[in-house]
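Structural overview
Given next are the chains, with one letter for each unit.
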Amino acid sequence: MFYTVLTVIYIIMLVAIAAVIVWHIFETDSFTDKLIGAIMLVFLILRIFLIK
Amino acid sequence: MKKLWLLLSVIVLGFALVSCGGDDKDKDPNPNGGEKQLDVELADTFKSFAKNKEVYLTTVGQADIDIVQNILENAAGLVEDQDFIRNHELTADQVPFGSVVFLVTGTSSKGLGAASTDVQAEKNRATAFVNKANAGQISIVLLHVGGEARRGSLTDPILNVACPGADLMLVVADGDQDNLFTNFSKNNNIPLYLFSKATKMVPAFAKLFE
Amino acid sequence: MKIMQLSKKQKGILYSSCFIILALVITFWSGKNFYDFAHYETEFAIRENVVTRVEKFSKYSPRLKGTVGDSNIYVIEGAEPGPSILIIGGTHPNEPAGQVAATVLLENLTVERGTVYIITEANRSAYTHSHPQEASIQYFGIETPYGVRTFKFGSRATNTNQQWPNPDVYVHRNSGQKLSSADTRNLNRAYPGSENGTYTERVAYAITECIRQNNITITIDLHEASPEYQTINTIVSHNRKEALKIAAAATLMMESNDVSIRYEESPLNLHGLTHRELGDYTDTLAFLLETSNASQGKIRGAFTEELVLTGKDKFYQKAMEKGIGKILYAAPVSLDERVARHVYGVYEIIQAFNKYYGTEGLGELKVNGFPSYQDIMTNGVGNYLKEIIK
């Protein structure tokens, strides 16, 4: 139960971070920031689905 | 010039003194020949060397004792506790006068081995055996069967202490790549027999108990 | 609408959308790859007329039921009762010779007297992922007369999907020994295990209970290590007198047949390993066999299937030529040779057991069908992998 709760909290945090990154990709004018954000998104989405 | 001739004369006299005398054993310090010959038959002087004596099997380095025990049991038909005493922590004061000690050398370079070897303690044990052997109270047959894998910073300090006190050294040749045993043999006049592998020592063991 | 006619804001939205779509494509592509790898089931040829039954880890550790770590234990019973042996392969899925050797034994051995237990995937969780930053291969194939047999190349440790979070310091449950966090998920530091412990401890518990409940006489755990590791080509034995006697005898026999090997006693103060804990907590005679695996080493270059199968690596070659690192046994060491060593090691341990203890207690363990060391070296290990009949 403890580990399930911890995992759910972890995934919620990841979803929140992913949302912020998506917002930042649209918000920033920097090409580099958009690229880095996209790369981070790959890892975050994989982690959200617990794929490794 | 005079001093040079004097020095040379002293050296030659020194060699003469060293090569005189000796003891009742006709030792051949280099039975393997000028080149390293392997698996040479043990000299007849060692025939029955350990027969009818109290025999002890121990290790300084806490490795490979079971290998040597296996050879002892198979080559000479010995039975533990009846024909020999095995004790991996044997001390020199436990060995009575006239005994033959089979001293197995070699330490795991990874620190594996019973209770992680205390090198200083092993050196102290080896020193005690050597002192007793040098006093003529016991004989030591030194063994190194683990090859190159049983050499290194843990094993070599123990070898430096134990080898000079041996009456006979039986060594797997892979462990003598740097001629450590060969040099001990030459410098201390100790017969050294090199073998291609541990199982080739079987005839030598058999001869020691013939 | 041409891109040049878009406003700055619209261009920004367009570029951002392209990046996110690209990220999603890459995520889907890599995610599918990882997912397929995690769910790929390695096949083994189970001879129905030879294998008596297939048990599950959950029989001995119920909390594993329905989870990925609920591995198979293949049981081959002889016509006569007698002593038994457990062969463990796949404890570390990045050590392929362990699994492949166990597979060869599973697919070739017949038992006349006694019982043989074989595990080919001891840590199935570790087979669902690979070690980060190693850039390891995912699969390797062995040519057989029936086509290519595919095996997985996994990680040394349990997947964090099954065991997370993990402490910074791993305290071994029974001894209190402290090790690095990485060893929390190392099956070979988890013995004797715990029924309600971490995931890895539950897996270890299953194996320990299998040994205890079946009173298994001999246990052999098959492993590999990097060429620079000093304990390769070694039989590590529990300190029990009988085990040491067997290990020494097996070592001498292998050596006399020109298979270079030595034996080590299990260190008393290193806990969690099979050769320590299984010998301490059960009556089994515990052994662990190590061979040399270049793909585990730190000197290696590119991680390829060829490296795993042949052991050939130009950087190890250079290191040996220059005397860098104490590499005791000349590389390259092929998978054929590593599997041959393991198979031959198991054979000689059984022979030594029968020689010294076959006339007492349960008598001899009579097992046939071992491919010889020379045969595997000559014909290749693939020749001893049987056809999988679906």
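The subject of this paragraph is the overall build of chain C. Looking only at helices and strands, chain C has nine helices and 13 strands in total. Seen along its three principal axes, the alpha-carbon backbone of chain C occupies a region of about 95 × 50 × 45 Å. By sequence separation, contacts in chain C at least 24 residues apart represent 71% of the contacts at least 6 residues apart.

Moving on to the environment of C:Glu360. In this structure, C:Glu360 sits in the loop between helix 8 (335–357) and strand 13 (366–368). A sequence separation of 82 residues divides C:Glu360 from C:Leu278, and the C-alpha atoms of the two residues are 22 Å apart.

Attention now moves to the interface of chain A and chain C. Interfaces are often sized by the accessible area lost when the parts come together. In this complex, chain A contributes 16 residues to the contact, which on the side of chain C involves 17 residues. For the side of chain A that touches chain C, the secondary structure elements donating two or more residues are helix 1 (2–27) and helix 2 (31–48) of chain A.

As a further point, take the nonpolar core. Buried together is how nonpolar side chains tend to be arranged in soluble globular proteins. Ranked by size, the top nonpolar core spans 149 residues in total, and within it B:Leu103, B:Ala162 and C:Val343 carry the most contacts. With 12 residues, helix 8 of chain C is the largest single contributor of residues to this core. Setting aside its immediate chain neighbours within four residues, B:Leu103 contacts B:Thr58, B:Val60, B:Phe129, B:Ile140, B:Val141, B:Leu142, B:Leu143 and B:Ala162. Core analysis: the next-biggest nonpolar cluster, separate from the first, contains seven residues, A:Ala38, A:Leu41, A:Ile45 and C:Phe19 among them.

A few words on helix 8 of chain C. A rise of 1.5 Å per residue sets the reference length of helix 8 of chain C, with its 23 residues, at 33 Å; its end C-alpha atoms lie 33 Å apart and thus fit the reference within 8%. Within helix 8 of chain C, 19 of the 23 residues are buried, which leaves it mostly tucked inside the rest of the structure.

According to the domain assignment, chain C consists of domain 1 (10–39) and domain 2 (46–384). Computed from C-alpha coordinates alone, the two centres of domain 1 of chain C and domain 2 of chain C are separated by 39 Å.

This part takes up the confidence of the model for chain B. The predicted model of chain B has a mean per-residue pLDDT of 86, with 84% of residues at 70 or higher. Every residue in residues 16–27 of chain B is under pLDDT 50, and counting partners more than four places away or in other chains gives four contacts.

The geometry of a pair of packed helices is captured by two quantities: the angle between their axes and the separation between those axes. Running from N to C, helix 1 of chain A and helix 1 (residues 8–39) of chain C cross one another at 140 degrees; their axes reach a closest spacing of 8 Å. Across the interface between the two elements, A:Val22, A:Ile25 and A:Phe26 from helix 1 of chain A touch C:Ile13, C:Ser16, C:Phe19 and C:Ile20 from helix 1 of chain C.

Reading guide: rules and limits
- The numbering scheme is per chain: residues are counted from 1 as the chain's sequence reads.
- Written order decides the labels, with chains lettered from A and ligands numbered from 1.
- Totals for whole chains, interfaces and linings use every residue, but because this is a predicted model, local features are given only for residues with pLDDT of at least 70 and side-chain atom pairs only at 80 or more, for both listing and counting.
- Helix and strand assignments come from DSSP, with helices taken as H or I runs of at least 4 residues and strands as E runs of at least 2, each series counted from the N terminus.
- Contact between two residues is assigned when their C-beta atoms, built from the backbone, lie within 7 Å.
- By definition, a nonpolar core groups buried Ala, Val, Leu, Ile, Met, Phe, Trp, Tyr and Cys residues that connect through C-beta atoms lying within 7 Å of each other.
- Residues with at least 20 other C-beta atoms within 10 Å of their own are called buried, those with 12 or fewer are called exposed, and the rest are partly exposed. The C-beta atoms themselves are positioned from the backbone.
- Under the convention used throughout, the expected extent of a helix is 1.5 Å for every residue step, that is, one less than its residue count.
- Domain start and stop points were drawn from an automatic or database domain assignment.
- Note on scores: pLDDT gives the predictor's confidence for each residue, bounded by 0 and 100.
- Between N-to-C directions, angles cover 0 to 180 degrees, with each direction set by a line fitted to C-alpha atoms, over the stretch in contact for helices.

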